[in-house]
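# Observations on chain architecture
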Amino acid sequence: MSVRDQTREMMQRAGEEMFNNELFSDAKVTVDDTTWPVHKSILCPRSEYFKKAFTGPFSEATTNHLTIEGHTAVAVRYVLYYLYTGEEGTMLANSVDIFTIRHAVDAFVAADYFDIKPLKELAIWLIDQHLESVQDYNSEGPLLDDNELGYIFHAARLAYSSGPNLEALRKPIEQFMADTDFLLTKDKLFMQELNKVPEFAMALIQVMSSPENEKSMLACCRAIPEQCIKCISDADEFAETFLFARPSHDPDNPRVLVGTCTECFKQKQNMQKYIEEKFRSTRQETRDGININLQ
């Protein structure tokens, strides 16, 4: 290890030791019910936001207690850790039980709010990595569950409705849609949510119509379930469609679309769970794709 690397490691360890440590602490930062002891000598030189808050004509300069609203505790902890150590490590992913794209998006928004450009770029990288991991999901299950869809639209609302500072969120979302052949547009819940973010809908039309996405667009147009997954009858209209990942031994066709007719959907309160169970237990491979046999 070079001298420079040793010095960097020493500074990082020192920052980690001081982070969330009351030793020599002279201020506090609170988000919701979480409070961190902080050190103005560390935060203020590294962030104009904290410098103004603790030295400007504000009550925080007297009370030495800053309350931050509009951001999650996970995201603010991510910012504070970075300011103390200069490293992100795997702190964000390890600070929650289940890491989701929502955490990465919130971290991006917090980094923008505190005007920390390197951290914004890092959060975008985390979003990219998470969306790639979703695409690589190989067991038989939904590509995105309802919660994940909600997180996607949380990011979309911010990206397309919150001004230019958050436009960097658009690229990973649009790329994810293109990489998955825009098949989420076949999902009923997705389309319901899309109506709430018209700017996102317009952006998708532009992305889908671009020459480089012609192949994905054609794949999307062909992606229509042929039969109801439950009664195996032809259906003119599907009450619900679900996007599933194929097993890893079929890398050329990583996703398949299945659906239920209106009558079968009425008979099951949780049709998605029903489809998942049947899809796992009765999947049969064919030369042309996957057949579902529920009889």
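In short, a report on the structure. (Residues numbered from 1 in each chain as written. Predicted model: local features only at pLDDT ≥ 70, side-chain atom pairs only at ≥ 80, totals over all residues. Heavy atoms only, no water.)

Let us now look at the overall build of the protein chain. In terms of helices and strands, the protein chain carries 15 helices and seven strands. Within the span of the protein chain, comprising 295 residues, buried residues form 47% of the whole. Sequence separation of 24 or more characterises 59% of the internal contacts of the protein chain that already satisfy a separation of 6 or more. Summed over all atoms, the accessible surface of the protein chain reaches about 16500 Å², with 47% contributed by carbon and sulfur. (Helix = DSSP H or I, 4+ residues; strand = E, 2+ residues; numbered from the N terminus. Buried < 20%, exposed > 50% of the residue type's maximum accessible area, 1.4 Å probe, protein only. Contact = heavy atoms within 4.5 Å. Areas by Shrake-Rupley, 256 points an atom, 1.4 Å probe, with all protein chains shown as cover.)

A few words on the nonpolar core. Among the nonpolar cores identified, the biggest contains 66 residues, and Val-29, Phe-50, Leu-169, Phe-190 and Phe-200 are the most heavily contacted of them. Among the elements that make up this core, the one with the highest residue count is helix H5 (residues 73-85) (nine residues). Residues within four places of Phe-190 in sequence aside, it is in contact with Leu-149, Phe-153, Met-177, Leu-184, Thr-185, Phe-200 and Leu-204. (Core = buried A, V, L, I, M, F, W, Y, C linked by side-chain atoms within 4.5 Å.)

Where helix H7 (residues 101-113) contacts helix H9 (residues 146-161), the two axes come as close as 9 Å, and the packing angle between them is 20°. Here H7 is positioned roughly parallel relative to H9, judged by the angle of their axes. Note on packing geometry: the crossing formed by H7 with H9 is left-handed. Between H7 and H9, the residues in contact are Ile-101, Arg-102, Val-105, Asp-106 and Val-109 and Glu-148, Tyr-151, Ile-152, His-154, Ala-155 and Leu-158, respectively. (Axes fitted to C-alpha atoms, helices over the stretch in contact; angles between N-to-C directions. Parallel < 35°, antiparallel > 145°, perpendicular 65-115°, else oblique. Left-handed = near helix turned anticlockwise from the far one by under 90°.)

The side chains of a regular strand alternate between both faces of the sheet. With four of five residues buried, strand S1 (residues 27-31) lies mostly within the body of the structure. Linking two consecutive strands that pair antiparallel, namely S1 and strand S2 (residues 34-38), is a turn of two residues; a positive phi of about 55° is found at Asp-32 within it. One ladder, built from three bridges, connects S1 with strand S3 (residues 65-67); its direction is parallel. In the strand pairing of S3, Val-29 is matched with Leu-66. (Pairing = 2+ DSSP bridges.)

Our focus in this paragraph is the sheet that holds S2. Ordered in space as S2-S1-S3, the three strands form an open sheet in which the pairing is mixed. Both edges of this open sheet fall to S2 and S3, since each of them pairs with a single strand only. Across the sheet, the mean angle from the axis of one strand to that of its neighbour is 20°, orientation sign disregarded. Across five bridges, the pairing between S1 and S2 is antiparallel.

Next up on the list: the environment of His-65. Considering the arrangement of structural elements, one finds His-65 in strand S3. A relative accessible area of 34% means that His-65 is categorised as partly exposed. Sequence separation between His-65 and Ala-27 is 38 residues; the distance between their C-alpha atoms is 5.7 Å. When residues no more than four places from it in sequence are discounted, the contact partners of His-65 are Lys-28, Thr-30, Thr-35, Phe-54 and Glu-60. For His-65, the side chain forms a polar contact with the side chain of Thr-30, separated by 2.6 Å. (Polar contact = N/O pair within 3.5 Å; in protein donor to acceptor, adjacent residues only side chain to side chain.)

If you trace the backbone, Leu-126 turns up in helix H8 (residues 117-135). In this structure Leu-126 comes out as buried when scored by relative accessible area, which is 13%.

Mapped onto the fold, Ala-123 is located in helix H8. Residue classification places Ala-123 among the buried residues on the basis of a relative accessible area of 0%. Apart from the residues within four sequence positions on either side, Ala-123 is in contact with Tyr-78, Ala-104, Ala-107 and Phe-108.

This part is about unusual backbone geometry. Even without being glycine, Asp-32 reaches a positive phi, approximately 55°. Within the fold, Asp-32 resides in the loop between S1 and S2. The phi dihedral of Asn-64 is positive, around 55°, even though this residue is not glycine. For Asn-64, the position within the fold is in the loop between helix H4 (60-63) and S3.

Another point: H9. Between its first and last C-alpha atoms H9 spans 22 Å; for 16 residues at 1.5 Å apiece the expected length is 22 Å, and the two agree. Taken together, the buried positions of H9 are Glu-148, Leu-149, Ile-152, Phe-153, His-154, Ala-155, Ala-156, Leu-158, Ala-159 and Tyr-160. After H9 finishes, the residue Gly-163 shows a positive phi value of roughly 90°. (Expected span 1.5 Å × (residues − 1).)

Let's shift gears to the packing of aromatic side chains. By the definition in use, this model includes eleven aromatic pairs. Centre to centre, the rings of Tyr-49 and Phe-50 are 5.4 Å apart; their planes meet at 85°, and the pair counts as edge-to-face. For Tyr-49, a relative accessible area of 22% corresponds to the partly exposed category. Their ring planes at 85° and their centres at 5.2 Å tell us that Tyr-113 and Phe-114 sit as a pair that is edge-to-face. Look at Phe-114 and you get buried, because its relative accessible area is 2%. Through pairs of rings, three or more aromatic residues link up here, namely Tyr-49, Phe-50, Tyr-113 and Phe-114. (Phe/Tyr/Trp six-rings, centres within 6.5 Å; stacked < 30°, edge-to-face > 60°.)

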